[in-house]
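These are the residues of each chain, in order.
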Amino acid sequence: MKYLKLLITLLITLIISLIVIFIVVRKNRIKIGIHTVCILKENIPFLREWIQYHIDLGIDKIFIYDNTGSIGCDGSNKNNNKYNINFNEIIKLNDDEIKKEMAEIIKEYNGKVYYDIWQPRNENNEIIYGQNESIYDYINKYGTLTDYTAFIDIDEFIVIPNNNLKKFINKHPNTTKFILKQKKFQDRYCYIDNNVLKIDDTIANIDTTNWANKLIVNNKVVDHNINNNIHSINVI
């Protein structure tokens, strides 16, 4: 009888342990992606650091939409970024070298990085940014590969408590949209010889309280009937 009670106790302990493990595994099973539209050449020097940082944060898949050739937006163009920095003068890689570098990154991250050429055109047949349209394209093409998506720019880094994005989202199971506020730092090209994460020079006198918020959204509830943009994605 003594051994039977001990055996029962051990079995109960084992069952409880398995239940706990199941709950933990189930919570960690959510998959999170990042969607971004960029000019690849402008961002190639910083790309590995940006990818690795977010994978370490808990991102499972990164979807890069390459808008090379675009006439630009917000003051940018084919040669200058929106801060009027001529990246073509700084980055000496040719098109083939950039493609090779991107191919190596995709291979290195083995199924975690997706790369699409994104070149929508206007009525004059010019390549445009088309960021709003890219959201629909992404949700339709890749939306089932992850549960949540962070829609951010490629020069932005998500900062989250304890550096654990999955844990943060799991603490808010009924939340379908998370709003990310910004803190502005100097442009990466001002410190091109350093890692981006070492830049601590914030831009003073800019109130970003309600400016250019970015979002993490549950893919299943994105409203396809409304014109969404990266700052305002409607959910149903």
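See the structure shown above.
Just so you know, these numbers come straight off a predicted model, no measurement behind them. (Residues numbered from 1 in each chain as written. Predicted model: local features only at pLDDT ≥ 70, side-chain atom pairs only at ≥ 80, totals over all residues. Heavy atoms only, no water.)

Draft legend 1. Examining the sheet that holds strand 3 (residues 113-117) more closely. A sheet is described by the order of its strands in space; here 6 strands give the open sequence 3-2-1-4-6-5, paired in mixed fashion. One side of each edge strand has no neighbouring strand; the edge strands of this open sheet are strand 3 and strand 5 (177-180). Neighbour-to-neighbour, the strand axes of this sheet turn through a mean angle of 20 degrees, independent of strand direction. With 4 bridges connecting them, strand 4 (residues 148-151) and strand 6 (residues 214-218) associate as antiparallel partners. Within strand 6, the residue paired with Thr149 across the bridge is Val217. (Pairing = 2+ DSSP bridges. Helix = DSSP H or I, 4+ residues; strand = E, 2+ residues; numbered from the N terminus. Axes fitted to C-alpha atoms, helices over the stretch in contact; angles between N-to-C directions.)

Draft legend 2. Looking closely at the nonpolar core. If you look at the biggest cluster of nonpolar residues, it comprises 40 residues, and the most contacted ones within it are Leu47, Trp50 and Ile51. For this core, the secondary structure elements donating two or more residues are strand 1 (32-38), helix 3 (47-57), strand 2 (61-66), helix 5 (95-108), strand 4, helix 7 (165-170) and strand 5. With 6 residues, helix 3 is the largest single contributor of residues to this core. In this structure, Trp50 is in contact with Ile34, Thr36, Ile62, Ile152, Asp153, Ile154, Glu156 and Phe157, ignoring residues within four places of it in sequence. Counting residues in each nonpolar core, the second largest holds 14 residues, with Ile135, Ile139, Val222 and Ile233 among its members. (Core = buried A, V, L, I, M, F, W, Y, C linked by side-chain atoms within 4.5 Å. Buried < 20%, exposed > 50% of the residue type's maximum accessible area, 1.4 Å probe, protein only. Contact = heavy atoms within 4.5 Å.)

Draft legend 3. Fine view of unusual backbone geometry. If you check the backbone angles, Asn84 has positive phi at about 65 degrees while not being a glycine. Relative to the elements of secondary structure, Asn84 occurs in the loop between strand 2 and helix 4 (87-90). By relative accessible area, which is 58% here, Asn84 ends up exposed. For Asn125, which is not a glycine, the phi torsion comes out positive at approximately 65 degrees. Relative to the helices and strands, Asn125 resides in the loop between strand 3 and helix 6 (131-142).

Draft legend 4. Broad picture of helix 3. Every buried residue of helix 3 is accounted for by Leu47, Trp50, Ile51, Tyr53, His54, Ile55 and Leu57. Looking at the packing, one finds that the buried side of helix 3 touches strand 1, helix 2 (40-43), strand 2, helix 5, strand 3 and helix 7. One or two positions beyond helix 3, positive phi appears at Gly58, with a value near 125 degrees.

Draft legend 5. Expanded view of the pairing of strand 2. Of all 6 residues that make up strand 2, 6 are buried, and the element is covered over most of its length. On strand 2, burial covers both faces: Lys61, Phe63 and Tyr65 on one face and Ile62, Ile64 and Asp66 on the other are all buried. When strand 2 meets strand 3, the two strands line up parallel, connected through 5 bridges. Residue pairing in the sheet places Ile64 in a bridge with Tyr115 of strand 3.

Draft legend 6. Structural view of the packing of aromatic side chains. Under the criterion given, the structure shown has 11 aromatic pairs. Three or more aromatic residues joined by ring pairs form one cluster here, namely Phe63, Tyr114, Tyr138, Tyr142 and Phe151. (Phe/Tyr/Trp six-rings, centres within 6.5 Å; stacked < 30°, edge-to-face > 60°.)

Draft legend 7. Main features of the side chain of Gln131. Of note, Gln131 is situated in helix 6. A relative accessible area of 13% places Gln131 in the buried class. If we ignore the near neighbours within four places in the chain, the residues touching Gln131 are Val37, Asp153 and Ile230.

Draft legend 8. Molecular detail of the pattern of salt bridges. Going through the model one piece at a time under the given rule, you end up with 8 salt bridges. Between Glu42 and Arg188 there is a salt bridge, and its shortest N-O distance comes to 4.0 Å. Of this pair, Glu42 sits in helix 2 while Arg188 sits in the loop between strand 5 and strand 6, placing them 146 residues apart in sequence. Here Glu42 and Arg188 have matching classes, each one buried. One salt bridge in this structure joins Asp60 and Lys166, with 2.8 Å as the shortest N-O distance. Pair noted here: Asp60 is in the loop between helix 3 and strand 2 and Lys166 is in helix 7, with a separation of 106 residues, a long-range link. Considered together, Asp60 and Lys166 belong to a single accessibility category, that of buried residues. (Salt bridge = Lys/Arg side-chain N within 4 Å of Asp/Glu carboxyl O.)

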